[in-house]
Amino acid sequence: MKKIAYIVLIVIIAVLSLTIYTNASKDSSEDAGDKTVSEINFLESKFVDLFNKMNGIETRNYKIFYGEMTKNTQGESSSKSSSSGGSGSKSEGQEESSEGEGQGSKDEEGSEDGQKTEQKFEMKMSGVLTNTDEIDWENIKLEIENLYSSIPTITMDLYKTNVNQEDILAFNKEYDNLILFSKNEDKEKTLAQLSKLYDYIPKFINGTSTTEIEKKVTETKSNIFKAYSKLDTDNWNAIYNDANNAVSSYAQLLSNTTIEPKKQYSINRVYILLNELKNSVSLKDKEVFLIKYKNLLEEIDAL
């Protein structure tokens with residue numbers, strides 16, 4: 001009897017150990033998968049930011065202007081100012097004005113020679129039609145270089161998923177080209193290269209366990225960015241084809257019965273804005289397209 005009881009005890013311990021190991025492995029796999037999805041989303045958001053910065057698109061409709069004013073004891077003063085976009089996080093001292101122009105804030109610094117330096121911050125409304133064509137290449141280069149430091153980790157995690165390994169290798173090579181074109185400050189080639197890189201995002205998403213909405217949204221955005229990247233080429237036929245492909249890809253969500261009813265309104269709204277973007281191509285006007293693009297992007301990112 002003791003021998004039988006001993007054997008039963010060993011079997012129970014073995015089964016419990018196997019169950020614990022299986023659950024632990026499952027949890028570990030799920031954690032790794034969630035981490036990879038987060039990394040892909042991080043990568044996607046950085047690409048979107050870079051696309052927007054290439055044409056000065058501000059999703060929050062404002063820019064931060066800041067400057068320095070130096071006063072001496074005789075009351076003479078000198079000043080200098082610069083600006084930064086409103087799509088990032090807010091800096092200290094920023095105040096928003098209800099009329100679009102910031103009331104501003106001041107920081108004062110004294111010095112031994114009797115001079116006083118004041119730092120002033122203002123928040124002003126910014127839009128497509130009031131934007132300048134100047135590109136902040138220094139900021140863009142820094143963003144691309146900083147993002148590059150994350151690529152090795154993301155690459156290693158992608159290899160653990162069902163993503164095609166050839167796509168992972170090709171993505172890394174294409175990123176090298178992005179560095180080259182941005183270094184040369186070639187807007188047209190930099191945008192085209194960003195579009196090539198973003199085209200891998202849907203492939204990465206499909207290789208991980210994500211929702212059908214996320215898969216279709218990234219496919220749609222890929223086509224939108226293809227059109228966006230061609231604006232400076234004036235190839236409106238190609239732009240129209242890309243916009244039309246975006247509509248066709250996204251339309252598949254309209255007939256998806258697994259989507260929650262409460263999301264249906266937002267999905268339908270994005271579809272309307274997509275068609276407005278496509279229809280605007282007939283005007284062959286860059287600013288009109290960018291206004292439609294900006295409104296669409298804000299809506300589609302809220303899904």
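The rules we used
- Residues numbered from 1 in each chain as written.
- Predicted model: local features only at pLDDT ≥ 70, side-chain atom pairs only at ≥ 80, totals over all residues.
- Heavy atoms only, no water.
- Salt bridge = Lys/Arg side-chain N within 4 Å of Asp/Glu carboxyl O.
- Helix = DSSP H or I, 4+ residues; strand = E, 2+ residues; numbered from the N terminus.
- Buried < 20%, exposed > 50% of the residue type's maximum accessible area, 1.4 Å probe, protein only.
- Contact = heavy atoms within 4.5 Å.
- Arc of directions from axis to C-beta.
- Core = buried A, V, L, I, M, F, W, Y, C linked by side-chain atoms within 4.5 Å.
- Phe/Tyr/Trp six-rings, centres within 6.5 Å; stacked < 30°, edge-to-face > 60°.
- Lys NZ or Arg CZ within 6 Å of the ring centre and 35° of its normal.

Peer 1: So what exactly am I meant to see when it comes to the pattern of salt bridges here?
Peer 2: Opposite charge on two side chains permits pairing when their charged atoms draw close. A full pass over the atoms with the stated rule returns 17 salt bridges. Ionic pairing is found between Asp232 and Lys187, a salt bridge with its closest N-O pair at 3.0 Å. Of this pair, Asp232 sits in the loop between helix H7 (212–228) and helix H8 (236–251) while Lys187 sits in helix H5 (residues 187–198), placing them 45 residues apart in sequence. The salt bridge partner of Lys294 is Glu298, with a shortest N-O separation of 3.2 Å. With a gap of four residues between them, Lys294 and Glu298 both fall in helix H10 (residues 286–300), about one helical turn apart.

Peer 1: Please explain unusual backbone geometry as it appears in this structure.
Peer 2: Most of the time, phi is negative for any residue but glycine, and the peptide bond is trans. Unlike most non-glycine residues, Glu185 shows phi in positive territory, near 55 degrees. The phi angle at Lys284 is positive, at roughly 55 degrees, despite the residue not being glycine. Turning to its location among the elements, Lys284 is positioned in the loop between helix H9 (261–280) and H10. Given the relative accessible area of 57%, Lys284 is considered exposed.

Peer 1: What should I look at first to understand the side chain of Ser182 in this one?
Peer 2: Tracing the backbone shows Ser182 in helix H4 (residues 165–183). Here Ser182 falls in the buried class, since its relative accessible area comes to 3%. Contact partners of Ser182, with chain neighbours within four places excluded, come to Trp137, Lys141, Ile144 and Thr190.

Peer 1: Explanation requested: helix H3 (residues 151–158) in the structure shown.
Peer 2: Each full turn of the α-helix corresponds to 3.6 residues, which orients residues three or four apart in the same direction. Among the residues of H3, Ile151, Ile154, Thr155, Asp157 and Leu158 are the ones counted as buried. Seen along its axis, H3 keeps its buried residues to an arc of 165 degrees; they face one direction.

Peer 1: What's the story with the nonpolar core in this structure? I'm lost.
Peer 2: Inside soluble globular proteins, nonpolar side chains tend to come together where they are buried. Residues Phe47 and Tyr293 are the most contacted members of the largest nonpolar core, which totals 56 residues. In terms of residue count, helix H1 (residues 2–54) provides more of this core than any other element does, seven residues in total. Apart from residues lying up to four places away in sequence, Phe47 is in contact with Leu147, Phe171, Tyr175, Leu194, Leu197, Tyr198 and Ile201.

Peer 1: Before we go on, may I ask you to explain the packing of aromatic side chains in this structure?
Peer 2: Each pair of aromatic rings is reported with the distance of its centres and the angle of its planes. Tallied over the entire structure, the rule returns 12 aromatic pairs. An aromatic cluster is present here, built from Phe47, Tyr148, Phe171, Tyr175, Tyr200 and Phe204 joined pairwise through their rings. Taking the ring centre of Tyr200 as reference, the NZ or CZ of Lys203 above it sits at 4.9 Å.

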